[in-house]
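Residue strings, one per chain:
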Amino acid sequence: MQKKIQSALISVFYKDGLEPIARQLQQLGITIYSTGGTQKFLEDLGIPCVAVESLTSYPSILGGRVKTLHPAVFGGILGRRYEAQDLEEMKQYQIPEIDLVIVDLYPFEETLRNTSEEKLIIEKIDIGGPSMIRAAAKNFRDIVVIAAKDDYASLVDLLQSQKGETSLEQRKAYAAKAFEVVMHYDIAISNYFNPGQQQVLRYGENPHQSAVFHGDLSELFTQLNGKELSYNNLVDVDAAIQLIHEFKNDPEKVFAIIKHTNVCGIAARSSVKESWDAALAGDPESAFGGVLVCNGAIDKATADAINEIFFEVLIAPAFDTDALEVLKSKKNRILLQQKENAASLKAPSKSLLNGVLEQGIDEGNFSKWEEVGGRQTTDTEKADLSFANLVCKHLKSNAIALVKNKQLVGKGCGQTSRVDSLRQSIEKARQFHFDLHSAVLASDAFFPFNDCVQMAHAAGIEAFIQPGGSVRDKDSIEYCVSNHLAMVMTGMRHFKH
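Attention in this report is confined to the structure presented alongside it. Remember, predicted model here, so these are calculated numbers, not experimental data.

Residues Leu 352, Leu 353 and Leu 357 make up a contiguous nonpolar surface patch of about 340 Å² in total accessible area. With respect to the helices and strands, the residue Leu 357 is situated in strand 17 (residues 355–358).

The two faces of strand 5 (residues 100–103) match: Leu 100 and Ile 102 on one face and Val 101 and Val 103 on the other face are all buried. Direction of pairing for strand 2 (residues 7–11) relative to strand 5: parallel, over a ladder of four bridges. Bridging across to strand 5, Ala 8 finds its partner in Leu 100. Taken together, the three bridges between strand 5 and strand 6 (residues 144–146) define a ladder with parallel strand orientation. Bridging across to strand 6, Ile 102 finds its partner in Ile 146.

Attention now goes to the pairing of strand 11 (residues 253–259). Of all the seven residues making up strand 11, five are buried; the element is thus mostly covered by neighbouring parts of the structure. Bridge count for strand 11 against strand 12 (residues 262–269) is seven bridges, and the pairing is antiparallel. Bridged to Ile 257 within strand 12 is Gly 265. Hairpin remark: strand 11 followed by strand 12, antiparallel, with two residues in the connecting loop; positive phi at His 260, about 55°. Pairing of strand 11 with strand 13 (residues 290–294), which is carried by four bridges, proceeds in the antiparallel orientation. Bridged to Ile 257 within strand 13 is Leu 292.

Thr 38, Gln 39 and Leu 42 are the residues of helix 2 (residues 36–44) that are buried. Taken around the axis of helix 2, the buried residues stretch over an arc of 100°, which confines them to a single face. Along helix 2, exposed side chains directed more than 90 degrees from the buried face belong to Lys 40 and Asp 44. The positive-phi residue at the C-terminal boundary of helix 2 is Gly 46, with phi of around 80°.

Taken in spatial order, the six strands of this open sheet run 18-23-22-21-19-20, and their pairing is mixed. Edge positions in the sheet fall to strand 18 (370–371) and strand 20 (408–412), since each has one partner strand and no second. Docked against the sheet, helix 15 (residues 379–393) engages strand 18, strand 19 (400–403), strand 20, strand 21 (440–443), strand 22 (463–466) and strand 23 (486–489), running at close to 35° with respect to strand 21. Sheet contacts for helix 18 (residues 473–482): strand 22 and strand 23; angle to strand 23, the most-contacted strand, approximately 150°.

This next bit is on helix 16 (residues 418–431). Across its 14 residues, helix 16 extends 20 Å between first and last C-alpha, which sits within 8% of the 20 Å expected from 1.5 Å per residue. Every buried residue of helix 16 is accounted for by Arg 418, Val 419, Ser 421, Leu 422, Ser 425, Ile 426, Lys 428 and Ala 429. Buried residues along helix 16 sit in contact with strand 19, strand 20, strand 21 and helix 17 (451–459).

Tallied over the full model, the rule gives nine aromatic pairs. Ring centres of Phe 108 and Tyr 192 lie 5.9 Å apart, and the angle between their planes is 80°; this geometry places the pair in the edge-to-face category. On the criterion of sequence distance, the pair formed by Phe 108 in helix 6 (residues 108–114) and Tyr 192 in helix 10 (residues 168–193) is long-range, its members being 84 residues apart. Consider the rings of Phe 288 and Phe 310, whose centres lie 5.1 Å apart with planes at 45°: the pair is tilted. With a gap of 22 residues between them, Phe 288 in the loop between helix 12 (272–282) and strand 13 and Phe 310 in the loop between helix 13 (300–306) and strand 14 (311–316) connect regions that are remote in the sequence.

So, about the sheet that holds strand 11. In space, the six strands of this open sheet follow the order 10-15-14-13-11-12, with mixed pairing throughout. In this open sheet, the two edge strands, each paired with only one partner strand, are strand 10 (221–225) and strand 12. Within this sheet the neighbouring strands show an average axis-to-axis angle of 20°, counted without direction.

For the peptide bond that leads from Ser 397 to Asn 398, omega is -5°, which places it in the cis range. Relative to the helices and strands, Asn 398 is located in the loop between helix 15 and strand 19. For Asn 405, which is not glycine, the phi dihedral falls at a positive 55°. Positive phi, close to 80°, is recorded for Ser 438, a residue that is not glycine. Relative to the helices and strands, Ser 438 resides in the loop between helix 16 and strand 21.

Structurally, Phe 247 is set in the loop between helix 11 (231–245) and strand 11. Sequence separation between Phe 247 and Met 487 is 240 residues; the distance between their C-alpha atoms is 24 Å. Dropping the residues within four chain positions of it, Phe 247 is found in contact with Val 254, Ile 266, Asn 295, Phe 387 and Leu 390.

Attention now moves to the nonpolar core. Ranked by internal contacts, the top residues of the largest apolar core, which has 43 residues, are Leu 229, Val 237, Val 263, Ile 266, Val 313, Ile 315 and Leu 336. Looking at this core element by element, the count peaks at seven residues for helix 11. In this structure, Val 103, Leu 105, Met 132 and Tyr 185 belong to the second largest nonpolar core, which totals 29 residues.

What follows concerns the pattern of salt bridges. Within this structure, the stated rule accounts for 24 salt bridges. A salt bridge links Lys 40 to Asp 44; its shortest N-O distance comes to 2.9 Å. With a gap of four residues between them, Lys 40 and Asp 44 both fall in helix 2, about one helical turn apart. The same class applies to Lys 40 as to Asp 44, namely exposed. Across the pair Lys 177 and Asp 151 runs a salt bridge whose closest N-O atoms are separated by 3.0 Å. Taken as a pair, Lys 177 in helix 10 and Asp 151 in the loop between strand 6 and helix 9 (152–162) lie far apart in primary sequence, 26 residues in all. On the accessibility criterion, Asp 151 (8% relative accessible area) is buried. Several salt bridges converge on common partners, so that one network encompasses Asp 283, Glu 285, Lys 411 and Lys 428.

The subject of this paragraph is the state of the cysteines. In protein chemistry, a disulfide is the covalent bond that joins the sulfur atoms of two cysteines. The tally for this structure, following the rule as stated, stands at zero disulfides. With no disulfide of its own, Cys 294 has Cys 264 as its nearest cysteine by sulfur position, at a separation of 15 Å.

Rules and cut-offs
- Residues numbered from 1 in each chain as written.
- Predicted model: local features only at pLDDT ≥ 70, side-chain atom pairs only at ≥ 80, totals over all residues.
- Heavy atoms only, no water.
- Patch = residues over 30% accessible without salt bridge, like charges linked within 9 Å, V, L, I, M, F, W, Y side chains within 5 Å.
- Areas by Shrake-Rupley, 256 points an atom, 1.4 Å probe, with all protein chains shown as cover.
- Salt bridge = Lys/Arg side-chain N within 4 Å of Asp/Glu carboxyl O.
- Helix = DSSP H or I, 4+ residues; strand = E, 2+ residues; numbered from the N terminus.
- Buried < 20%, exposed > 50% of the residue type's maximum accessible area, 1.4 Å probe, protein only.
- Pairing = 2+ DSSP bridges.
- Arc of directions from axis to C-beta.
- Contact = heavy atoms within 4.5 Å.
- Axes fitted to C-alpha atoms, helices over the stretch in contact; angles between N-to-C directions.
- Expected span 1.5 Å × (residues − 1).
- Phe/Tyr/Trp six-rings, centres within 6.5 Å; stacked < 30°, edge-to-face > 60°.
- Core = buried A, V, L, I, M, F, W, Y, C linked by side-chain atoms within 4.5 Å.
- Disulfide = S-S within 2.5 Å.

As structure tokens, then:
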């Protein structure tokens, strides 16, 4: 069902990006209604508009708190063009039809990040804006609603290509986005009034699932930029913190990239920038949309490099001022400054069946270092094996980690067969052109047969670390002895499900 836009109501806090829309509306001869600062902005551009006050017969009152909350405005938005009674009442009370509503909301979250003064925060709780957005979205059969600057460009394209007409499908899609904007806004306000109790999330692991976080994230992080953490963000942030905890006292700078709770890139180097470059090189494909974590301060050189890719969250103990300027260029990008006590891990628990399962923390790297292969490990191999074992600990079982010069060059995880995980890790390394000669292999659990050792050796790997404990450990050991390969048994399994 095509509908032609003949009138628009525009009331926005930030005016950037608005001019192309207003110019297009003017070109199409669409009547524009506006308020306060938006009206002045449009008139300064030479674009005529009608003051909302001329509809309501009331000026903006109560310090701007009441501008659009009036039947003349909401009747024009909520009036159903397919209901004769609505049309009759709109005519009786001289309520004009409004076909397009463009509103952005007072910057509540931004204000919250920049001040703790309650009066300023409260005044940035928008009332009329969410009401107009909800009203327009509810009436999507007749109304186009734009509630986010991200949709400005698509609206301009639509106005140009369709000469001001819209389809029902397009209007409904904009309405869906609008309700999400309002939901996010209300959640942020609710969280402000309920600190440290519970945080209602936008949704759970999937959009059709509801979710709540019980806890106070401000005890662990200072959020410097970005939107509210989602359910999946929180899960990955937890995985990132657990991983970087392993390297809290490491003299080198360690950078890691997390995707769906698995580490897909990690490296240790003498500088943060070098560790980032090496971590990303390990799997630049999987890094897209990941959660990044580092045990050192983010400097500008690193920020410039990170800024080249899309990521969800960056966690670090500190950020240089000029680095923050670069990273804040994307408003939704989440930047978390980790507090000292964020390194204190909590014993994990999981609700299942009709109860809760709890266990102790998987602390440590190995309980013993037993060299059982055909030769002793070199110093370089020792360092790489220890690093690889910690990385493997944070991959979903069955897990294999391939490491070379303290860089993850291949990994296999979440497979039902250890052989499949190994195949996956070798293929990953080859995909990004890594030479596996002199690389080492870590396995989160024992090798039940010697097939993994044989396959890895054929790929160039000459040093292994695994917990041992199989009734057939001797098969893998004998293969290593026969082929002059190094193997370390740790006595500590690191299953992760």
